[in-house]
Amino acid sequence: MQKLEKRSWAEPFKIKVVEPLRMTTREYRERALKEAGYNTFLLRSRDVYIDLLTDSGTNAMSDNQWAGMMLGDEAYAGSENFYHLEAMVQQYYGYKYLVPTHQGRGAEHLISQILIKPGDYVPGNMYFTTTRLHQELAGGTFVDVIVDAAHDPEDLGPFKGNIDLEKLAKLIDRVGSKRIAYVTAAATVNMAGGQPISMQNLRELRELTNRHNIKVVLDATRAIENAWFIKQREAGYEQHSIAQILREMCSYTDACTMSGKKDLLVNIGGFLALNDDEIFEEARNLVVVYEGLHTYGGLAGRDLEAMARGIEEAVQEDHIRARIGQVEYVGERLLSIGIPIVQPIGGHAIFLDAKRFLPQVKQLEFPAQTLAAELYLESGIRTMERGIVSAGRNAETGEHNFPKLELVRLTFPRRVYTQAHCDVVTEAVEAVHDRREEIRGMEMVYEPKYLRFFQTRFEKLK
Ligand SMILES: *Cc1c(COP(=O)(O)O)cnc(C)c1O
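Residues numbered from 1 in each chain as written. Predicted model: local features only at pLDDT ≥ 70, side-chain atom pairs only at ≥ 80, totals over all residues. Heavy atoms only, no water.

*Asks:* Can you lay out the site of the ligand for me, pointing to particular residues and giving the numbers?
*Replies:* The full set close to the ligand counts 13 residues, and Gly-104, Arg-105, Asp-219, Ser-259 and Lys-262 are the nearest of them. Gln-103 places a polar side-chain atom, nitrogen or oxygen, 2.9 Å from an oxygen atom of the ligand. In isolation the ligand has 380 Å² of accessible area, and contact with the protein removes 95% of it. Here the shell around the ligand gets 3 residues from one element, more than from any other, and that element is helix 4 (residues 104-115). In terms of residue class, the shell around the ligand is built from 1 nonpolar, 6 polar and 6 charged. (Near = heavy atom within 4 Å. Polar contact = N/O pair within 3.5 Å; in protein donor to acceptor, adjacent residues only side chain to side chain. Areas by Shrake-Rupley, 256 points an atom, 1.4 Å probe, with all protein chains shown as cover. Helix = DSSP H or I, 4+ residues; strand = E, 2+ residues; numbered from the N terminus. Nonpolar A, V, L, I, M, F, W, Y, C, P; charged D, E, K, R; others polar.)

Here is the structure:
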């Protein structure tokens, strides 16, 4: 008799409510894909079998969170659920003040409007779409100060989300600290493939910015997932709890913006949290204009309650181990069968390297878009292009931006899919890989003016 190789881990929950999945035939998917212009954003959700488009707002809530939804206090002012959320944010993130917002970008809007004056610079560890846009709308200029390794998909460094403190110091020297509105420090940098920032880097960032009297705003959207990587990879943190690490990360910053739709296990919600009395005063005034009264910020009482409960669940070690363990499980299986992916494996997603996967497809024939379409066709799995289509055109010349990377993102919603679904995903990628030489690229037949990746339409090249 053969011995089993190792002890398995399993999802730390059992399933109480189910939502049936719909299987489709290849002929059906061929039609659906053609109708969607070979763009996975234009598919209808009902035609998708396993949906790995995004981990934003796609989380499964717990029975405890659903029970909390029934306790929504839908008062216009002073809702009970606001005070619960405030207490949870103070306890787990450690900031003094809370301003709820409808989602992360609402918080980004407020802090950008308050802290940025036209002509200011806002350095950060790689841009995020909505963060940068709000900084620009406030008259600021984003400056990327992430370490160079973040741009190399084969660099195996443990903290490729780190800020390059020399780049930052040079910027301070060049423009002067008065022209720097604040530094954004993103935890597990989304656009770098979910790569973490180290505690040491945050500590040194605090020392540098203190010397120059510059504020630091944490993008805490996936800070809990970042805390897990610190526990795994950074000396001295092995015995710390995720909650302790999270508190320490926040302690080196002045404020945070938060999209609860990621780490906090809800479908909608976000917040701004901060320590400074005057900035809080302004944020509390401004939130009324754009989101809603300062005790609900565009959310229902029940949404605030679900997020308050989500904070406590999100820092549980078994949850976060399984969450990141699931992504690692898929990534390691793909690596073991020779599929080219971005390494190290990130916290929330696997990124297929379409340039190495489909070397015969030229960048102007959209290799990542083509691969995402083929994966859907093969298996009904929906993913997202992160390549030349997402990169858009240069605003001045009208030319395509040619990004270095052509990636397909397989993003895992939290607590939604099981290990068996993960196996189906791996096998689907393998099946496309087996017939990769037959795959031809595509041409663009319709291109919208703004954020084109959402609505561009393609046709297959013959
Ligand atoms: C999603 C996201 C945001 C924006 O949050 P929304 O809730 O989508 O408005 C900001 N930063 C990061 C890193 C994100 O992933």
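*Asks:* Just give me the short version of a nonpolar patch on the surface, but keep the residues and values in it.
*Replies:* There is a patch of nonpolar side chains on the surface, built from Phe-13, Ile-15 and Val-18 and spanning about 300 Å² of accessible area. Note that Val-18 resides in the segment before helix 1 (26-35). (Patch = residues over 30% accessible without salt bridge, like charges linked within 9 Å, V, L, I, M, F, W, Y side chains within 5 Å. Salt bridge = Lys/Arg side-chain N within 4 Å of Asp/Glu carboxyl O.)

*Asks:* Just give me the short version of unusual backbone geometry, but keep the residues and values in it.
*Replies:* Across the junction of Gln-343 and Pro-344, the peptide omega takes the value -10 degrees, indicating a cis bond. Summarising the element assignment, Pro-344 is placed in the loop between helix 12 (317-336) and strand 9 (349-353). The phi torsion at Thr-188 lies on the positive side, around 35 degrees, for a residue other than glycine. Summarising the element assignment, Thr-188 is placed in the loop between strand 5 (183-186) and helix 7 (199-212). The phi dihedral of Asn-213 falls on the positive side, at around 60 degrees, and the residue is not glycine. Within the secondary structure layout, Asn-213 lies in the loop between helix 7 and strand 6 (216-219). Asn-213 gets classed as exposed once you look at its relative accessible area, which sits at 74%. (Buried < 20%, exposed > 50% of the residue type's maximum accessible area, 1.4 Å probe, protein only.)

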